[in-house]
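Examining the three-dimensional arrangement
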Amino acid sequence: MRQFFITLLYSSILLSLEIIYRKLFNIPSIEKYIESYIFNYLFVTLFLYSKYKFTKILVSTLFAISILFNNVHYALYQYWIGPVSYLLAFKEINEVTNAGITMVDKFIFPFLFGVFEILFFLSLSFIKKKEYKFSWLFDFIFYIAMIYVFVRAYTTKSHERFISPNTTYSRLKSNYFSFGYFAGRLLPYEILSLSDTAIYLKSKPEKTNKPKIKNIILIMGESASASHFSVFGYDRNTSPFLNLLKNEKGAIVGKTYSGGLFTAISLPMFFNSIPYPNGMQQIAKGDTNLFNLAKDQGFQTFFYSAQARDDMHMINFLGGAWINDIRFPDNEGYSLRDSMPDNKLLPAFKNINLDNGYHFIVLHHRGSHIPYGALLDEKEKVFGKNNATDNYDNTILNTDNFISEVYHYLSSKTSKDWIIAYTSDHGQYVKGDTYKQGTFDEDNYIVPLVLYSPNEEIQKTVLDSFSSCKVSFHNQLSSLLINIMGYNYPVSTCDKGVVNGNILTGDAGYLKIESNGKQEYIH
């Protein structure tokens, strides 16, 4: 009974230390306290009661790296360590060590706090333990738990929760998934060369000069299929503004292939300018990350999202470490789990002083996400609400209105040193009351592309890159943005490209597309 109370006490203190750590270093709070307590309790129990010394060493080691690695990684990058970071650390240990030495001032205090937590955990060693005949069961539970996460990581067909750490998870839970995916999936794939898709790696581009333009405004849509925009021939007038903009000199209003069928695939590929699958290491390094490159060129970087913070744990894969100002609906008074109407992004956007310095601004929509039209006012439901198509078309019109407002706000400025871009992460197949996502129906991956700048030099670059494309690719847009930020980075062409499936490596299949429209499914 005494040891039982000790395990309860230690688990409570460890949970309290995590809460204190988060408060001290301004880290979002834990979402599930009971679950976090259970993770602490399991570690304490396994360490205290396991029969074999080797098991105790493994348990304490996993606890230590969960605390120390996460503390240091968050101090440097604002998110928990992920499996790809583990892989890069092993492959480039000298580079990681040398870089770490130069940044000690950023992580020294979280590191020391972690050391204190580990020493407290290890103090369990001084407690006299009663031996039980069934102590081997605790060793068995530990090894089964590790084998489970290794096997699950190796066989998973959707790996977002493994590779994109959730900050609201406790450090123990997050690292259980991250280390499990590293050891169970990435390491064997790396050692045994199991992936059929070559790893994509590209060096950081060189700067050519100062940026070609001061203000880059990217509106990233959500689930907006090009097939429901009237500017592309849809029978309802869902895009009256784009119908007019397409006739503006220098404007591009066309279609583009999204990088993936899901947000968690297409956005990391887009914001890291990944042209084909298996770019996870490139994403983790950030050498072609839009926010990283923008910041290195003197841009202030912004990511304002209408999506709930709880739905955007992939922010680390988009470049969260290099974003100066990140805002989610909870910054506007909503809960962590609530999304908000897209137009709620506009006040914060208009508060940015575009006349002073360089700005790379991303306005991220909730847009046409299921359930369609749930965030619209009744007056915004112009096409009614009798079926899924009505509700979906209302969201498309609302998106068109949003683009119009941003365009007219920028046009009212005396400076013409800006470019506006719009596309969507992926589309939706919506016909009557039938709707689906994640399939290789064209509506799910052909999305709009809008580009306009009053700057004549930028107009020429845009037209040279996109005017001849019947359908462009997401990677063309991201490479264009890198180019106009002032880097020696050629804008990619529309000769060929891919639409990835539901795993970033491409191992779950992807669509290979050529400029003549020929498509081949690679699996």
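Further up the page is the structure itself.
Residues numbered from 1 in each chain as written. Predicted model: local features only at pLDDT ≥ 70, side-chain atom pairs only at ≥ 80, totals over all residues. Heavy atoms only, no water.

Time to look at the layout of surface pockets. By volume, the second largest pocket amounts to about 720 Å³. Surrounding the second largest pocket, 31 residues form its lining, Asn 26, Pro 28, Tyr 74, Gln 78 and Arg 309 being those nearest its centre. Counting only elements with at least two residues in the lining of the second largest pocket, the list comes to helix 3 (53–77), helix 6 (104–122), helix 14 (315–318) and strand 4 (325–327). Counting residues per element, the lining of the second largest pocket draws most heavily on helix 3, at 4 residues. Residue classes in the lining of the second largest pocket are distributed as 17 nonpolar, 9 polar and 5 charged. (1 Å grid on protein atoms, 1.4 Å probe; cavity = no way out; pocket = protein on both sides within 12 Å on 5 of 7 lines; lining within 4 Å. Points joined across faces, edges and corners; volume = space filled by probe spheres on them. Helix = DSSP H or I, 4+ residues; strand = E, 2+ residues; numbered from the N terminus. Nonpolar A, V, L, I, M, F, W, Y, C, P; charged D, E, K, R; others polar.)

A word on the nonpolar core. What tends to happen in soluble globular proteins is that the nonpolar side chains get buried as a cluster. In this structure, Phe 271, Phe 360 and Leu 451 are the most contacted members of the largest nonpolar core, which totals 96 residues. Apart from residues no more than four positions distant in its own chain, Leu 451 is found in contact with Gly 250, Ala 251, Ile 252, Ile 419, Ile 420, Ala 421, Val 462, Phe 466, Leu 477 and Leu 480. Counting 38 residues, the second-largest nonpolar core is a separate cluster that includes Ala 224, Ala 348, Leu 363 and Ile 396. (Core = buried A, V, L, I, M, F, W, Y, C linked by side-chain atoms within 4.5 Å. Buried < 20%, exposed > 50% of the residue type's maximum accessible area, 1.4 Å probe, protein only. Contact = heavy atoms within 4.5 Å.)

This part covers the pattern of salt bridges. Counted under the stated rule, the structure contains 19 salt bridges. Taking the shortest distance from any N to any O, the salt bridge between Glu 18 and Arg 22 comes out at 3.0 Å. Of this pair, Glu 18 and Arg 22 both sit in helix 1 (residues 2–24), 4 residues apart, which is roughly one turn of that helix. The exposure class assigned to Glu 18 is buried, which follows from its relative accessible area of 3%. (Salt bridge = Lys/Arg side-chain N within 4 Å of Asp/Glu carboxyl O.)

Secondary-structure assignment places Thr 461 in helix 17 (residues 456–466). For Thr 461, a relative accessible area of 17% translates into the label buried. In this structure Thr 461 touches Leu 480 and Asn 483, once residues within four positions along its chain are discounted.

Worth remembering: the numbers are spatial, not functional.
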